[in-house]
Amino acid sequence: MEKSTQVQASERIIARLKKELKPLKTQEADARRRWTLGYNAFLRAENELQKRVQKGLTVDPVSNGVVNKTVQKLWETKNGWMAKSDELTKQRDLAREAIAKKEKEILVAETELSEILTTEKLQLEKTDSAIEKVFLMNDHVVESLQAMDRFLEQNIYPNLSAKATQKMLVSSDGLRKVVIMSNTSNEMDTEKVEQAKQRIEAFFERINPQQDVQLQDETTQMLTEILRDLLVVKFNVKPGPTLSRFLGLELDAEKFGELVEAQHLLGSAISYKRSNMYVRLFTRESTSDGWKPVRQS
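None of the values given here were measured: they were computed from a predicted structure.

The helix and strand tally for the chain stands at 7 helices and 6 strands. Relative to its 297 residues, the chain shows a buried fraction of 23%.

Okay, structure coming up:
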């Protein structure tokens, strides 16, 4: 999992402090190294001067106006050591103080980072626990809904007619109500529809082949109006009130044979398909009160 912005910022601070600590440790180590070298040089110079005295050699840097550079260097090393030691010791101590301060800053930053990580871990555990509970409760909801769907499919839906879109069940005390609703769609058998259109066109061709004669028979005029509404652009028959009106007509088979055949074809071409069934629950305090929907999700 990606680190939080707060953790990344804290880690950058620690990395910077540790980077600043390195040269301080280098300075402290260098002061100690130089002090050790200087002290060893002081001991060698003092030892060499003692040896010269034992051998009867001069330890005077200037003799008869002549400078003895070897002796002079030995005395400079010996006499200059105290001042040099003080300076190197001071440098070492300053470096150690800076190191201690920087290490304290690092400790504080690492403590803060540890607290941030602990807080975030607890928050993540809390979030994971909440998510687990939500999923568990959702599983219970899904199981309940699935159980209700199975019950409805076995006990309620089979009682709905092919065209029905709603069924209402009311408890014996009149205080609870279940409304089952569904969407239905009409589908047409295109082959039968095409055959029906051919029969309708044959009817028009028979009664008015030139299509320029005003029909006087009222029944024929009424049929003409219905059929013109039934046949839309590109002669596609569409289900609806006009089709229902046409199918409901009682026609004389001898006089309107083509249309009777078309009625049979179109009636058998229509099929109803149910989809998206769902349930709504309602309650009320008394039979004189209005129904109130029950929350279902």
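Don't stop here, the text continues.
Two side chains bearing opposite charge may form a pair once their charged atoms approach each other closely. Under the counting rule described, the total for this entry stands at 14 salt bridges. Between D30 and R34 there is a salt bridge; the shortest N-O distance is 3.7 Å. With D30 and R34 both in helix α1 (residues 5-55) and 4 residues apart, the pair spans about one turn of that helix. Its salt-bridge partner being K102, residue E105 comes within 3.7 Å of it at the nearest N-O pair. Separated by 3 residues within a single helix, E105 and K102 lie in helix α3 (residues 81-155), roughly one turn from each other. If you follow the salt bridges from partner to partner, you end up with R16, E20, K102 and E105 in one network.

For the rest of this paragraph, the subject is the side chain of E258. Mapped onto the secondary structure, E258 falls in helix α7 (residues 257-269). Given a relative accessible area of 10%, E258 falls into the buried group. Each residue touching E258, except ones within four places of it in the same chain, is listed here: R199, A202, F203 and R206.

Our next topic: the nonpolar core. Generally speaking, a soluble globular protein has its nonpolar side chains buried in company with each other. Formed by 17 residues in total, the largest nonpolar core has its most connected members in F246, L251, L259 and L266. Put simply, the parts of the chain that give this core at least two residues each are α4 (190-207), α6 (241-247) and α7.

Now for the packing of aromatic side chains. According to the stated counting rule, one finds 6 aromatic pairs in the structure shown. Plain terms: the ring middles of F42 and W81 are 6.4 Å apart, the flat faces sit at 25 degrees to each other, and that makes the pair stacked. Residue F42 is located in helix α1, and its partner W81 is located in helix α3; the two are separated by 39 residues in the primary sequence. Across the pair, exposure class does not vary: F42 and W81 are buried alike. Here the aromatic cluster, defined as three or more aromatic residues joined through ring pairs, consists of W35, Y39, F42 and W81. It is K177 that lies over the ring of F282; its NZ or CZ is 4.9 Å from the centre.

Okay, a nonpolar patch on the surface next. On the surface, W35, Y39 and L43 cluster together to form a nonpolar patch covering roughly 240 Å² of accessible area. Looking at the element boundaries, Y39 is found in helix α1.

Turning to the side chain of R52, a few remarks are in order. In this fold, R52 is placed in helix α1. At 5.2 Å, E48 is the nearest oppositely charged side chain to R52, a buried residue that forms no salt bridge. Among residues more than four places away in sequence, those in contact with R52 are L57, T58, V59, N68, V71 and L74.

The next subject is the packing of α1 against α3. Closest axis-to-axis distance for the α1/α3 pair is 8 Å, and the angle between their directions is 160 degrees. With respect to each other, α1 and α3 are oriented roughly antiparallel. Where α1 crosses over α3, the handedness of that crossing is left-handed. Looking at the contact of α1 with α3 residue by residue, the classes come out as 20 nonpolar, 7 polar and 14 charged.

Criteria and cut-off values
Residues numbered from 1 in each chain as written. Predicted model: local features only at pLDDT ≥ 70, side-chain atom pairs only at ≥ 80, totals over all residues. Heavy atoms only, no water. Helix = DSSP H or I, 4+ residues; strand = E, 2+ residues; numbered from the N terminus. Buried < 20%, exposed > 50% of the residue type's maximum accessible area, 1.4 Å probe, protein only. Salt bridge = Lys/Arg side-chain N within 4 Å of Asp/Glu carboxyl O. Contact = heavy atoms within 4.5 Å. Core = buried A, V, L, I, M, F, W, Y, C linked by side-chain atoms within 4.5 Å. Phe/Tyr/Trp six-rings, centres within 6.5 Å; stacked < 30°, edge-to-face > 60°. Lys NZ or Arg CZ within 6 Å of the ring centre and 35° of its normal. Patch = residues over 30% accessible without salt bridge, like charges linked within 9 Å, V, L, I, M, F, W, Y side chains within 5 Å. Areas by Shrake-Rupley, 256 points an atom, 1.4 Å probe, with all protein chains shown as cover. Lys, Arg positive; Asp, Glu negative; His and termini not counted. Axes fitted to C-alpha atoms, helices over the stretch in contact; angles between N-to-C directions. Parallel < 35°, antiparallel > 145°, perpendicular 65-115°, else oblique. Left-handed = near helix turned anticlockwise from the far one by under 90°. Nonpolar A, V, L, I, M, F, W, Y, C, P; charged D, E, K, R; others polar.

Function cannot be inferred from these measures alone, as they are strictly geometric.
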